[in-house]
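Descriptive analysis of the structure
What follows is each chain in one-letter form.
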Amino acid sequence: MPTVDCGFPDVPGPERRPLLVDVGPTVPVQIGFDPGFDEFVGFGPDLSPDLFPALVDTGASANCIDADLAVGLRLPVIDNDSEIVGSAGPHFVDIYLAQIHIPGLERTINGRFTGVRLAAGGQLHRAILGREFLRDLVLHYDGLSGEVTISSD
């Protein structure tokens with residue numbers, strides 16, 4: 001049962017806000033598109049080994065990729081001008097076909113990803129993993145210690 005640490009336990013302290021509060025649970029992921037990927041074969045897609053920070057967000061229903069990163073990675077657009085509602089209200093985005101591989105969990109998310117403006121908005125993260133990602137996993141969040149783990153147990 002793979003488990004990945006995605007908290008910030010090295011920066012606790014009653015005198016100051018834990019880094020977990022400021023950054024949120026973060027897991028390193030690979031992002032790209034492997035047209036030959038077959039999720040039933042048992043190995044991950046052939047993606048660049050570059051790792052990008054992904055926010056684990058229980059407030060998000062779907063999974064998202066930074067729109068500028070998606071363009072830079074030449075991810076295929078499969079839906080133009082799809083309307084979503086976020087914290088800034090309704091707006092139109094592109095939907096990309098891609099894979100996000102989480103090496104620590106030995107798990108790949110394959111499919112549609114909403115393109116959102118994370119980097120342009122000053123965010124550290126390049127992807128958001130929402131409740132859709134978490135539906136088959138166990139999330140342990142300890143705000144006092146800053147420890148967060150995700151496992152498949």
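Look above for the structure.
Quick caveat, the model's predicted, so the values are computed rather than measured.

In this section: the overall build of the chain. When its secondary structure is counted, the chain shows three helices and ten strands. Going residue by residue from the N terminus, the α and β elements of the chain occur as β-α-β-β-β-α-β-β-β-β-α-β-β. For 153 residues, the compact-globule estimate of 2.2 N^0.38 gives 15 Å, and the C-alpha radius of gyration of the chain, at 16 Å, lies within 12% of that figure. When the backbone C-alpha atoms are referred to their principal axes, the chain occupies close to 45 × 40 × 25 Å. When burial is assessed residue by residue, the chain has 40% of its 153 residues classed as buried. Accessible surface for the chain amounts to roughly 8,600 Å². Of this, 51% is attributable to carbon and sulfur atoms. Charge separation in the chain, taken as the distance between the mean sites of 9 positive and 22 negative side-chain charges, equals 5 Å.

Let us now look at the pattern of salt bridges. As enumerated under the stated definition, the model contains three salt bridges in all. Between R117 and D68 there is a salt bridge; the shortest N-O distance is 3.7 Å. Linking R117 in the loop between β7 (107-116) and β8 (127-129) with D68 in helix α2 (residues 67-72), this pair joins segments that are 49 residues apart in sequence. For D68, a relative accessible area of 40% gives the class partly exposed. R112 is paired through a salt bridge with D79; the nearest N and O atoms lie 3.8 Å apart.

This brings us to unusual backbone geometry. One non-glycine residue with positive phi stands out, namely R74, at about 60°. Positive phi is not limited to glycine here, since E106 has a value of about 55°.

What follows is about the environment of H140. As for its position among the elements, H140 is in strand β9 (residues 138-142). Note: C-alpha distance between H140 and D94 (46 residues apart in sequence) is 32 Å. Beyond its immediate sequence surroundings of up to four residues, H140 is in contact with E147, V148 and T149.

With that settled, consider the layout of surface pockets. Here the largest pocket defines a volume of roughly 540 Å³. What lines the largest pocket is a set of 22 residues, among which C64, I84, G86, H91 and V116 lie closest to the centre. Broken down by secondary-structure element, the contributors of at least two residues to the lining of the largest pocket are β5 (77-86), β6 (89-102) and β7. By volume, the second largest pocket amounts to about 290 Å³.

We now examine the environment of R74. Mapped onto the fold, R74 is located in the loop between α2 and β5. Along the chain, R74 and R126 lie 52 residues apart, while their C-alpha atoms are 15 Å from each other.

How each quantity is defined
- Every chain begins its residue count from 1, and numbering advances along the sequence as written.
- For a predicted model such as this one, the threshold for reporting local features is a pLDDT of at least 70, and the threshold for listing and counting side-chain atom pairs is 80 or more; totals across whole chains, interfaces and linings nevertheless cover every residue.
- Calculated side-chain values reflect all of the structure's heavy atoms, with hydrogen atoms and water omitted.
- Only runs of H or I of at least four residues qualify as helices and only runs of E of at least two qualify as strands under DSSP, and these elements are numbered from the N terminus.
- Using C-alpha atoms as the atom set, the radius of gyration is obtained and then compared with a globule rule of 2.2 Å times the number of residues to the power 0.38.
- Relative accessibility thresholds used throughout: buried, under 20% of the residue-type maximum; exposed, over 50%; partly exposed, between the two (1.4 Å probe, protein chains only).
- Per-residue and other accessible areas were derived by the Shrake-Rupley procedure at a 1.4 Å probe size, with only the shown protein chains allowed to occlude residues.
- Neither His nor the chain ends is counted toward charge; the positive residues are Lys and Arg and the negative residues Asp and Glu.
- In this description, the location of a charge corresponds to atom NZ of lysine, CZ of arginine, CG of aspartate or CD of glutamate.
- A pair is scored as a salt bridge if a Lys or Arg side-chain nitrogen falls within 4 Å of a carboxyl oxygen belonging to Asp or Glu.
- The criterion used for residue contact is that any of the two residues' heavy atoms lie within 4.5 Å.
- Every definition here rests on a 1 Å grid over the protein atoms only: cavities are sets of points where a 1.4 Å probe fits but cannot get out, pockets are open sets enclosed by protein on both sides within 12 Å along at least five of seven lines, and lining residues have some atom within 4 Å of a point.
- Grid points are joined across faces, edges and corners, and a volume is the space filled by probe spheres set on the points.

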